[in-house]
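Here is how the chains run, residue by residue.
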Amino acid sequence: MLKKAVSQISFPKGLSLSEMLELVSKTNFDGIELKLSEEGEFSLASSQDEIHKIKRKVKNLGLDVCSIAGGLQWKYPLNSPVESVRKIGIKAAKKAVELAYILEANVVLIVPAVITKDLPYDKAWKMALKSIVEIGRTAEKLGVYVGVENVWNKFIFTPFEMLRFIKEANSMLHEDSIAVYFDVGNVIPFGYPEHWILYLRDYIKAIHIKDMKLVNGTAISVLPPYGNVDWPSVAKTLKNVGYKGYLTAEVPISALNVKDILEYLSSFIESLIMV
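As the structure is a prediction and not an experimental result, all values here were calculated from the model. (Residues numbered from 1 in each chain as written. Predicted model: local features only at pLDDT ≥ 70, side-chain atom pairs only at ≥ 80, totals over all residues. Heavy atoms only, no water.)

A. Structural view of the environment of Y76. Along the chain, Y76 falls in the loop between β3 (64-69) and α3 (83-103). Here Y76 falls in the buried class, since its relative accessible area comes to 13%. As for Y76 and K59, which are separated by 17 residues in sequence, their C-alpha atoms are 32 Å apart. Here Y76 is in contact with E38, V85, I88 and G89, once residues within four sequence places are set aside. (Helix = DSSP H or I, 4+ residues; strand = E, 2+ residues; numbered from the N terminus. Buried < 20%, exposed > 50% of the residue type's maximum accessible area, 1.4 Å probe, protein only. Contact = heavy atoms within 4.5 Å.)

B. Expanded view of the pattern of salt bridges. Counting across every chain of the model gives 13 salt bridges. When the shortest N-O distance is used, the salt bridge between K4 and E270 registers 3.1 Å. One end of the pair, K4, is in strand β1 (residues 3-7); the other, E270, is in helix α8 (residues 258-273), with 266 residues separating them in the sequence. Put simply, K59 and E104 hold a salt bridge, and the shortest N to O gap is 3.5 Å. With K59 in helix α2 (residues 48-60) and E104 in the loop between α3 and β4 (107-110), this pair connects stretches of sequence that are 45 residues apart. (Salt bridge = Lys/Arg side-chain N within 4 Å of Asp/Glu carboxyl O.)

C. Spatial organisation of the nonpolar core. Ranked by size, the top nonpolar core spans 85 residues in total, and within it F42, I68, I132, F165, F182, I207 and L247 carry the most contacts. Apart from the residues lying within four places of it in its own chain, the contact partners of I68 are E33, L34, L36, F42, A96, L99, A100, L103, V107, V108 and L109. Among the nonpolar cores identified, the runner-up in size contains 8 residues, and V107, L109, V111 and A206 belong to it. (Core = buried A, V, L, I, M, F, W, Y, C linked by side-chain atoms within 4.5 Å.)

D. Quick look at the side chain of K4. A relative accessible area of 8% places K4 in the buried class. Side-chain polar atoms of K4 contact the backbone oxygen of N28, separated by 3.4 Å. Here K4 is in contact with N28, F29, D30, G31, Y246, L247, S266, I269 and E270, once residues within four sequence places are set aside. (Polar contact = N/O pair within 3.5 Å; in protein donor to acceptor, adjacent residues only side chain to side chain.)

E. Examining the sheet that holds strand β2 (residues 31-35) more closely. Sheet architecture is closed into a barrel: 8 strands sit in the order β1-β2-β3-β4-β5-β6-β7-β10, paired in parallel fashion. Across the sheet, the mean angle from the axis of one strand to that of its neighbour is 30 degrees, orientation sign disregarded. One ladder, built from 4 bridges, connects β4 with strand β5 (residues 145-149); its direction is parallel. Following the sheet pairing, V108 is matched in β5 by V146. Sheet contacts for α3: β2, β3 and β4; angle to β3, the most-contacted strand, approximately 175 degrees. (Pairing = 2+ DSSP bridges. Axes fitted to C-alpha atoms, helices over the stretch in contact; angles between N-to-C directions.)

No statement about biological role is implied by the geometric values presented.
Okay, structure coming up:
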């Protein structure tokens, strides 16, 4: 059964986590994706008591924590040639996995690499793979998936590359704990999301719902379905490959009308589920 969620990343600054959860519950979502930060209500600094308080609040509202975005890999890349930086990224990702286990989320979103001019692609691949496997060892012990996301990081441009990366990582683990966190909108500048879904199939354990419109070669974030994503094809392909997880909106929400946009996104995702 497909379920609908929204990412904490979507919300405007200034809202407390409690306020977000209340809004998500009132707009008929099934879950929320939490974003791990360095500081704040849900962060590396959060105590066990604070994490369990979040868990109780989520459950009391009838929601799930569907996934955790461990986005610190932008600041501390897993392919960094600076060992101290890479280790911070790995440690943060492992913490995200441990928190996912406590909160009963089965996927942690991980950015596998951040490519720069100074680091050749092959070396970045090897370093990212090494880091992902290290994180995967923690994940397989806890029964959590490491969801490698396709993002604008100049790394993994095709589903073929993604599958190769996932398979290479899993070959070094006892379980297939490395999976795909597929972002529908991020593919638009260089491909078609339905092609990725069809090829990656069972490796996809979580999906971000967003839309992009290409304007003079530049991708601009827009509310779905007003971009270039062919949503009927995406919905039908998801159904054909038997995807059963969450569809999680990752769409910027204006502070002026948070509830209205949440209601719209909830309704839109519902329409995808009903295809």
